[in-house]
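Next come the chains, spelled out residue by residue.
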2 protein chains.
Amino acid sequence: MQVQTPDWVKHAVFYQIFPDRFAKSKQISDAKSKQIYDAKSKQPRKRLFQSASWEDWEAMPTLQGYKGGDLWGIMEQLDYIESLGINAIYFTPIFQSASNHRYHTHDYYQVDPMLGGNAAFKELLDAAHSRNIKVVLDGVFNHSSRGFFFFHDVLENGPYSPWVNWFKIEGWPLAPYTGDAPANYGSWGENRALPEFNHDNPDVREYIMEIAEYWIEFGIDGWRLDVPFEIKTPGFWQEFRDRVKAINPEAYIVGEVWGDSREWLDGTQFDGVMNYIFAGAAIAFAAGDRVVLEQVQSRDYQPYPPLFAAEYAAKIQDLLALYPWEIQLTQLNLLASHDTARLMTIAGGDKDSVKLATLLMMTFPGAPSVYYGDEVGLFGGIDPDSRRVFPLESAWDREILDTHKKLIALRHQYPCLRIGEYKTLYAQGELYIFARILNNQSENEFENEKLLIAVNAGTASAKATFGVAELDFQPGKLLYGDAEVEWNEEGEIQNLSLNVPPRSGCILAVGNK
Amino acid sequence: MQVQTPDWVKHAVFYQIFPDRFAKSKQISDAKSKQIYDAKSKQPRKRLFQSASWEDWEAMPTLQGYKGGDLWGIMEQLDYIESLGINAIYFTPIFQSASNHRYHTHDYYQVDPMLGGNAAFKELLDAAHSRNIKVVLDGVFNHSSRGFFFFHDVLENGPYSPWVNWFKIEGWPLAPYTGDAPANYGSWGENRALPEFNHDNPDVREYIMEIAEYWIEFGIDGWRLDVPFEIKTPGFWQEFRDRVKAINPEAYIVGEVWGDSREWLDGTQFDGVMNYIFAGAAIAFAAGDRVVLEQVQSRDYQPYPPLFAAEYAAKIQDLLALYPWEIQLTQLNLLASHDTARLMTIAGGDKDSVKLATLLMMTFPGAPSVYYGDEVGLFGGIDPDSRRVFPLESAWDREILDTHKKLIALRHQYPCLRIGEYKTLYAQGELYIFARILNNQSENEFENEKLLIAVNAGTASAKATFGVAELDFQPGKLLYGDAEVEWNEEGEIQNLSLNVPPRSGCILAVGNK
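Since the model is a prediction, treat every value here as computed from it, not as a measurement.

Visitor: Explain the packing of aromatic side chains to me, and be specific about the residues and the numbers.
Guide: A full pass over the atoms with the stated rule returns 107 aromatic pairs over all chains. When the centroid spacing of 4.9 Å and the interplanar angle of 90 degrees are considered together, the rings of Tyr312(A) and Tyr432(A) count as edge-to-face. Placement of the pair is Tyr312(A) in helix 11 (residues 309-322) and Tyr432(A) in strand 12 (residues 431-438), with a sequence separation of 120 residues. By relative accessible area, Tyr312(A) is classed as buried at 0%. Between Tyr80(B) and Trp396(B) the ring centres are 5.3 Å apart and the planes differ by 45 degrees, which places this aromatic pair in the tilted class. Linking Tyr80(B) in helix 5 (residues 78-84) with Trp396(B) in the loop between strand 10 (367-371) and helix 15 (398-413), this pair joins segments that are 316 residues apart in sequence.

Take a look at the structure:
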């Protein structure tokens, strides 16, 4: 079987947005009680919060509080998002939900009224598409919530409910809110708030497939799937892929699987997974022993123990060997998400760790995904702290922001960073060097192109020497970072010496400075 | 102020349908697991119940069970409904709800998926309108349900919820499902399933107004309002009327108020109420001491004690004096509903009681409303028994059905029965005689027209004699029922003698047999 994944993802740089926390519409905030109309669409932008009690926007996030971010706020920030070089957005859930992260779905067909509802989403989707920005939604199909209509009916009517077989009912009565009695239904992570679907019921299966189809027809560009490994019904994800791709063959399907994902990356299910294997390795190498263990130990990825260059190289080789190349190109690479602490906090505030890891991510095969705020150096421990509001401009870390902008721009400029072959050149001590190579042989529209990327994670400068013949190209032009490049001739052999300053990285193209 | 009410209601005969119990789509039943397409609309008529567990259609109703009636089923029965002479349907709630009567609203914008969802309703609405049948929906705006999104959010997030002020929260924590602790929120009838809105919150008020507008714009012809007297926020129902009528000035607004409704029938709020005052009087006169007390005592209307003709006449005079005539013409008259026992059961199976009361209703000012099944003599005690499924044709009472068809046809044929003046002519013993009169003076499109209606509730034949001059017209032509009409001359005075057989009624027009 030939594995096929969506081309656009190979060239995408994602921005992950947690909708309650990114932006609150200025129009709304400025005119709280007025009905605001968007000049273009004549759509009412009114929301129901004249008297709603939001948590203070600037205050540290809590488990249950809402900040009141909305989709119109995101629309107002599309200039900013575009200025980063972003061309795809992954939204954590936006459907109606009684939780600030919206993973407790109340209605799969309604965008949360607090976010602006389906009308606001349609407007945002159109605005994003007009800027060539793709939009991927988060689908939570393993479980719903206690308030989800069909489960609520079982709560209200017990064995009389027609929907009993939609869930994993174990006995009567159900105890949705009290801890004293057994819940009597299967729930995700033993959390009574999250009743699990019975996916073996063909009605449930059909129900979920239709949701997937509905939003693809609505115009979204793909699905990020929450805990998809929990659904064990044979053929479920194969049917999901078939039905989604039948509507839009270029739709992206990316699963939340933290570890070895071969089971789902056989070409018949997902186009990629959230690449926590990469995240762990990149952080363990770039941040090394700076990693604050309490920020990572409770999560199912490995940003520790620290890695030397050779260990990092080995991990990356293993990772690249795990899945077909076509899949590698559409993995969703990340350094942080709503489910982890932010890298800045993991690294104890060490900016170089952030910059080095970002360099690794932006030069790796697969679509990089920037967790909103990471590009301006936002801090945040494990959740809910990692879900702080996007900071005011005065609090931005300009150095981190510049790093992101530069690296994203280079990724867009050089196709080899996106689809070129990946080749480790050097891995000793804390110096890691690799190349991304587009060859003539490659059947693609792009020119021959080769780049060398070096990362020195150590606190001393580090030097590597290569025979140029062995290297097969002559990088000397610095596109990013600093490094001393020296050419030596040993008899007939030309050697290249690369001296990389401490805690820094660089990208070199063929040619001279 | 000139009171204005919708003209069409004056000429309407309503059919009240309890959607779970009227009809199950044959197409669906016959091909349970297949996706059925309606030939005309190409709309999929698929429903999610391959594995759903319905209560047996024929079994007696229970408090919590669903029978699985649906809107497509109703569509398939429009020929039948039209054949009765019905030109308006009042649906008890159809919005998504975890209760078989659907008064526990889960989502005001979604027609229940079990009924076929919004798509099925649109199809039904169009089909009804193409037959000149109006459609009125039931709006439950005093309270919602435990699963209603905004209340559910308060359950999930407690004081952190932005929607706290949407309800009547009295303390924390809330106890929605356990009886051990105080609920800590205001609920209708102390029923924790039904959290009451805080209508004093402008957001709530706006939310409800927009629902009302949405469905009027969708195409419905009016709202029946559930327990509207519970909403005491000043100006609430005035604004409701203004916003509904701004979209459709002919929309009908009818409140569920069982007693004296002058407070809401001042012309600025409702066009009418569910006329339980009429129902009580009509049953008390027509069924008399046959009324089974246990079927009526728990309800807030007076089908007992038995009334003699003079008492009935007095009650009717009081009722007609209570509201402006324009309102009288758009009252929703009824003999039974989902909230009462059916008349057949109240009268202990006495068919004549049903026929006499139906005669009184069909000749009274205001729109008669037939509770589905009453027209074929369906039995049913107070709920849930009064919500039995519509019976198979083999179980229909043809006599009761003929009575309904004849009387509805006469109501349509004779405008005076709809908009004519009401004049009591005779009320002695158990014989009650009145006239409906359209005069030249009336500013309307209709001819002069006068009908005499007599009801003898007694078990012996009864005779009344009038001077024709005093009567002002000469009825002699039997349109309905049996009666001996005799003309006597006493000197220069012509007298009319009317001899009405026991337990029967008649309608007489001007002229001879």
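Visitor: How would you sum up the interface of chain A and chain B? Please name residues and give values.
Guide: Taken residue by residue, the interface counts 51 residues in chain A and 51 residues in chain B. Contact between chain A and chain B buries roughly 4100 Å² in total, counting both sides, with carbon and sulfur atoms accounting for 55%. At the surface where chain A touches chain B, the tally comes to 2 salt bridges. Viewed at the interface, chain B and chain A are joined by 17 residue pairs in polar contact (both at pLDDT 80 or more). Of all elements in the fold, only strand 3 (95-97), strand 4 (105-111), helix 7 (149-157) and helix 8 (202-218) of chain A reach the threshold of two or more residues within the side of chain A that touches chain B. Per-element tally for the side of chain A that touches chain B: the top contributor is helix 7 of chain A, with 7 residues. Residues of the side of chain A that touches chain B, tallied by class, amount to 21 nonpolar, 20 polar and 10 charged.

Visitor: Any details on the pattern of salt bridges? Residues and values, ideally.
Guide: This model, assessed by the stated rule, comprises 66 salt bridges over all chains. Where Arg146(A) meets Glu156(B), a salt bridge forms, and the shortest distance between an N and an O atom there is 2.7 Å. Of the two residues, Arg146(A) is situated in the loop between strand 5 (134-139) and helix 7 and Glu156(B) in helix 7 (residues 149-157); the pairing between them involves two chains. We note a salt bridge from Lys122(B) to Asp126(B), for which the minimum N-O separation is 3.3 Å. Note that Lys122(B) and Asp126(B) are positioned in helix 6 (residues 117-130) at a spacing of 4 residues, about one turn of the helix. Each member of the salt-bridge network shares a partner with another, and the members are Arg205(A), Glu206(A), Glu213(A), Glu239(A) and Arg243(A).

Visitor: Outline the environment of Tyr371(B), listing residues and values.
Guide: Position of Tyr371(B) among the secondary structure elements: in strand 10. Tyr371(B) has contacts with Gln16(B), Ala336(B), Ser337(B), His338(B), Arg342(B), Ser386(B) and Arg387(B), leaving out every residue within four places of it along the chain.

Visitor: Before we move on, can you summarise the pairing of strand 8 (residues 272-275) of chain A with the specific residues and values?
Guide: Residues and elements named next belong to chain A. Sheet analysis places strand 7 (residues 252-255) next to strand 8, joined by 2 bridges and oriented parallel. Opposite Gly255, over in strand 8, you have Val273 as the bridge partner. With 2 bridges joining them, strand 8 and strand 9 (residues 332-334) adopt parallel strand pairing. Along strand 9, the bridge assignment pairs Asn275 with Asn333.

Visitor: Tell me about the pairing of strand 18 (residues 504-510) of chain B, and name the residues and values.
Guide: All names here are of chain B. Buried residues dominate strand 18, accounting for 6 of its 7 residues. In this structure, strand 13 (residues 449-456) lies alongside strand 18, joined through 6 bridges in antiparallel fashion. Bridge pairing in strand 18 links Ile453 to Ile507. Examined bridge by bridge, strand 15 (residues 475-480) and strand 18 share 4 bridges and lie antiparallel to one another. Bridge pairing in strand 18 links Tyr480 to Ile507.

Cut-offs and rules
- Residues numbered from 1 in each chain as written.
- Chains lettered and ligands numbered in written order.
- Predicted model: local features only at pLDDT ≥ 70, side-chain atom pairs only at ≥ 80, totals over all residues.
- Heavy atoms only, no water.
- Phe/Tyr/Trp six-rings, centres within 6.5 Å; stacked < 30°, edge-to-face > 60°.
- Helix = DSSP H or I, 4+ residues; strand = E, 2+ residues; numbered from the N terminus.
- Buried < 20%, exposed > 50% of the residue type's maximum accessible area, 1.4 Å probe, protein only.
- Contact = heavy atoms within 4.5 Å.
- Buried area = accessible area lost by both parts, 1.4 Å probe.
- Salt bridge = Lys/Arg side-chain N within 4 Å of Asp/Glu carboxyl O.
- Polar contact = N/O pair within 3.5 Å; in protein donor to acceptor, adjacent residues only side chain to side chain.
- Nonpolar A, V, L, I, M, F, W, Y, C, P; charged D, E, K, R; others polar.
- Pairing = 2+ DSSP bridges.

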